[in-house]
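Examining the three-dimensional arrangement
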Amino acid sequence: MSLRLGDIAPDFTANTTEGPIHFHEWLGNSWGMIFSHPADFTPVCTTELGRTAQLSDEFAKRGVKVIAVSVDPLDQHHEWVKDINEVNNTTVNFPLIADENREVATLYDMIHPNASEKATVRSVFIIGPDKKIKLTLTYPASTGRNFFEILRVIDSLQLTANYSVATPADWQEGEDVIVTPAVTNDQLEEKFPKGVTFVKPYLRKTPQPNK
Ligand code: BEZ
C-alpha cells in the first residue's frame with residue numbers, strides 16, 4: 001500500500017555517494033526530504049538535482065536534510081554528479097542513494113509500473129522531526145519539479161506545526177495566514193495579539209505570527 005500523510009517514513013539502510021546510511025539515524029531530529037528521479041544522465045533530472053544543490057542553503061536554513069534516490073549504481077551516481085555540478089555551476093552536497101535492488105523504491109512506492117516498469121517516478125516525501133510524512137508529491141518523468149514550491153510548502157509546514165494557523169492559496173512567507181477553525185473567537189486576542197480580520201465568520205486572517 002502506498003504511503004500516506006501521517007505515516008512513519010519507512011526506515012532502511014542504503015549505499016549512498018556519502019557512504020552507507022541508516023535512514024532514521026541519518027535524519028536524527030531534522031526535517032528531511034527524500035526524492036526520487038527516473039535515471040542518472042538524463043536531462044530533466046540533471047536540472048532538478050542541480051537546482052536542489054543550488055538551494056542547499058535554503059534547505060539547511062529550514063533544518064531540512066536532503067537525499068536523492070534512483071535505481072542507478074553508485075559508480076554512475078559519482079560520475080553523474082560531476083555533470084550536475086558542471087552544468088548547474090554548483091556543488092551537490094547531499095547524498096544520492098544507489099538503490100539498485102529497489103529496496104527504497106519499493107518501500108516508498110516510487111516505481112509506478114504503468115508509467116515505467118523499471119525507473120522511479122519523480123516522488124518527493126517531506127518528513128518531520130517525528131519521522132512522520134508531512135507531504136507527498138508525484139510528478140511524471142517529463143515534468144521537472146519546482147523546488148521553490150517545495151521550500152514554500154516546508155515554510156507552511158513548519159509554521160503550521162507551531163501555531164494554530166493554515167496558509168491560504170499561493171501563500172508566500174511573510175503574508176497573512178488563516179486562523180484554524182479549532183480556535184474559538186474567545187481565544188483570538190490571546191493567541192493572535194497582532195489582530196484578526198474576519199473575511200467571513202469561518203475565514204479569519206492574521207499576520208504571520210513568527211514575523
Ligand atoms: C529526464 O530526466 O529528462 C527524463 C528521464 C526519464 C524520462 C524522461 C525524461
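Here's a quick rundown of the structure.

Rules of the game
- Residues numbered from 1 in each chain as written.
- Predicted model: local features only at pLDDT ≥ 70, side-chain atom pairs only at ≥ 80, totals over all residues.
- Heavy atoms only, no water.
- Pairing = 2+ DSSP bridges.
- Helix = DSSP H or I, 4+ residues; strand = E, 2+ residues; numbered from the N terminus.
- Phe/Tyr/Trp six-rings, centres within 6.5 Å; stacked < 30°, edge-to-face > 60°.
- Buried < 20%, exposed > 50% of the residue type's maximum accessible area, 1.4 Å probe, protein only.
- Lys NZ or Arg CZ within 6 Å of the ring centre and 35° of its normal.
- Axes fitted to C-alpha atoms, helices over the stretch in contact; angles between N-to-C directions.
- Contact = heavy atoms within 4.5 Å.
- Expected span 1.5 Å × (residues − 1).
- Polar contact = N/O pair within 3.5 Å; in protein donor to acceptor, adjacent residues only side chain to side chain.
- Near = heavy atom within 4 Å.
- Areas by Shrake-Rupley, 256 points an atom, 1.4 Å probe, with all protein chains shown as cover.
- Nonpolar A, V, L, I, M, F, W, Y, C, P; charged D, E, K, R; others polar.
- Core = buried A, V, L, I, M, F, W, Y, C linked by side-chain atoms within 4.5 Å.

Once that is clear, we can look at the sheet that holds strand 11 (residues 203–206). As summarised here, the arrangement of the four strands in space is 8-9-11-10, forming an open sheet in which the pairing is antiparallel. Single-partner strands in this sheet number two, and they are strand 8 (165–166) and strand 10 (197–200). Of the pairings in the sheet, the one linking strand 8 to strand 9 (residues 177–179) comprises two bridges and is antiparallel in character. By the bridge assignment, Ala 166 is partnered in strand 9 with Ile 178.

Tallied over the full model, the rule gives seven aromatic pairs. With a centroid separation of 4.6 Å and an interplanar angle of 15°, the aromatic rings of Phe 12 and Phe 23 are classed as stacked. Here Phe 12, found in the segment before strand 1 (13–14), pairs with Phe 23, found in helix 1 (residues 23–27); they are eleven residues apart in sequence, far enough to count as distant. Exposure remark for Phe 12: the relative accessible area of 3% places this residue in the buried category. Every member of this aromatic cluster is reached through a ring pair, and the members are Phe 12, Phe 23, Trp 26, Tyr 108 and Phe 125. Note that Lys 65 overlies the ring of Trp 26, its terminal NZ or CZ placed 5.0 Å from the centroid.

Take the sheet that holds strand 7 (residues 133–139) next. Each strand in a sheet pairs with its neighbour through backbone hydrogen bonds, running either in the same direction (parallel) or in the opposite one (antiparallel). Strand order in the open sheet formed by five strands is 5-4-3-6-7, and the pairing between neighbours is mixed. Of all the strands in the sheet, the pair left with one neighbour each is strand 5 (96–98) and strand 7. Each strand of the sheet is rotated relative to its neighbour by a mean of 20°, with strand direction disregarded. Pairing of strand 3 (residues 31–36) with strand 6 (residues 122–127) involves four bridges; the strand directions are antiparallel. Looking across to strand 6, one finds that Gly 32 is bridged to Ile 127. The strands that helix 4 (residues 74–88) touches are strand 4 (64–70) and strand 5; relative to strand 5, the one it contacts most, it runs at about 150°.

The next thing to look at is helix 6 (residues 147–162). For helix 6, built from 16 residues, the straight-helix expectation of 22 Å at 1.5 Å per residue is met to within 8% by its first-to-last C-alpha distance of 23 Å. Every buried residue of helix 6 is listed here: Phe 147, Ile 150, Leu 151, Arg 152, Val 153, Ile 154, Asp 155, Ser 156, Leu 157, Gln 158 and Leu 159. The N-terminus of helix 6 is capped by Asn 146, whose side-chain oxygen sits 2.9 Å from the backbone nitrogen of Phe 148.

Attention now goes to the site of the ligand. Residues in contact with the ligand, as listed here, are Pro 38, Thr 42, Pro 43, Val 44, Cys 45, Arg 122 and Ala 141. In the model, an oxygen atom of the ligand is placed 3.3 Å from a nitrogen or oxygen of the Pro 43 main chain. Within the side chain of Arg 122, one N or O atom sits 3.1 Å away from an oxygen atom of the ligand. Contact with the protein chains removes 71% of the 260 Å² of surface that the ligand exposes when unbound. Broken down by element, the residue count for the shell around the ligand peaks at three residues, all from helix 2 (residues 43–54). The class makeup of the residues in the shell around the ligand is five nonpolar, one polar and one charged.

In this section: unusual backbone geometry. Residue Lys 131 is not a glycine yet carries a positive backbone phi of 70°. Summarising the element assignment, Lys 131 is placed in the loop between strand 6 and strand 7. Note on Lys 131: relative accessible area 15%, which makes it buried. Its identity as a non-glycine residue notwithstanding, Asp 170 has a phi of 60°, on the positive side. Among the structural elements, Asp 170 can be located in the loop between strand 8 and strand 9.

Right, let's get into the nonpolar core. Met 33, Phe 35, Phe 59, Phe 94 and Ile 126 are the most contacted members of the largest nonpolar core, which totals 26 residues. For this core, the elements supplying multiple residues, two or more each, are strand 3, helix 2, strand 4, helix 4, strand 6 and helix 6. With six residues, the single largest contributor to this core is helix 6. Residues within four places of Ile 126 in sequence aside, it is in contact with Trp 31, Gly 32, Met 33, Lys 132, Ile 133, Lys 134, Leu 135, Ile 150, Ile 154 and Leu 157. Residues Leu 27, Ile 34, Ile 67 and Met 110 belong to the second largest nonpolar core, which totals 21 residues.

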